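Here are the chains, one letter per residue:
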Amino acid sequence: MATLRDSSGNGRPLYERVAHEMSQAIRSGELRPGERLPSVRQLATDLGLSVTTVMSVYARLGDLGLVHGEAGRGTFVSEAPDLPQTAPPSSGGEAVGPVRGEAPGGARSSPRPRRA
C-alpha cells in the first residue's frame, strides 16, 4: 500500500479515503489476515500523510473490525471470515460504515451523558 489510487477527494476526509483503500486491500487478499501493517510513522512517511491521519485510518479500520492492535507489537489484519462491507467513497459525505457509538441507521446505541 505505497500509494493512494483514489486521489479525487470527492469531499470526503482523507482518513476515510485511505481507510477505504486499505479495507479494499484487505477484502481482495492483498493484505492477509494476521499480516502486520506498517507502523503509524512508517505508513505516514510512505504515503506523505500526517501521523494523526494514519492514526485515524487505523482507528477507523479497527472500528470496522478489519484490524486490531497488539500492545508493543503493532497493528495486524484481523482474522475474520466475514468481513463487513463498506461503501465506496462518494461525493455525498456518507460515512464509510457505522460510526462508533451508533447503531445501524445512525441511532445512538447508548445515550451519552450531557454536560451541565
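Structure first, text after, so check above.
A few points on the structure. (Residues numbered from 1 in each chain as written. Predicted model: local features only at pLDDT ≥ 70, side-chain atom pairs only at ≥ 80, totals over all residues. Heavy atoms only, no water.)

Closest axis-to-axis distance for the helix H2 (residues 40-47)/helix H3 (residues 51-63) pair is 9 Å, and the angle between their directions is 115 degrees. Here H2 is positioned roughly perpendicular relative to H3, judged by the angle of their axes. In this structure, the crossing between H2 and H3 has a hand that is right-handed. Here Val-40, Arg-41, Leu-43 and Ala-44 of H2 lie close against H3, whose contacting residues are Val-51, Val-54, Met-55 and Tyr-58. (Axes fitted to C-alpha atoms, helices over the stretch in contact; angles between N-to-C directions. Helix = DSSP H or I, 4+ residues; strand = E, 2+ residues; numbered from the N terminus. Parallel < 35°, antiparallel > 145°, perpendicular 65-115°, else oblique. Left-handed = near helix turned anticlockwise from the far one by under 90°. Contact = heavy atoms within 4.5 Å.)

Once that is clear, we can look at the pattern of salt bridges. Following the criterion strictly, the structure yields two salt bridges and no others. Residues Arg-12 and Glu-16 are paired through a salt bridge, measuring 2.5 Å at the closest nitrogen-oxygen approach. With its nearest N and O atoms 2.4 Å apart, the salt bridge here joins Glu-70 to Arg-73. Residue Glu-70 is classed as partly exposed on the basis of its relative accessible area of 28%. (Salt bridge = Lys/Arg side-chain N within 4 Å of Asp/Glu carboxyl O. Buried < 20%, exposed > 50% of the residue type's maximum accessible area, 1.4 Å probe, protein only.)

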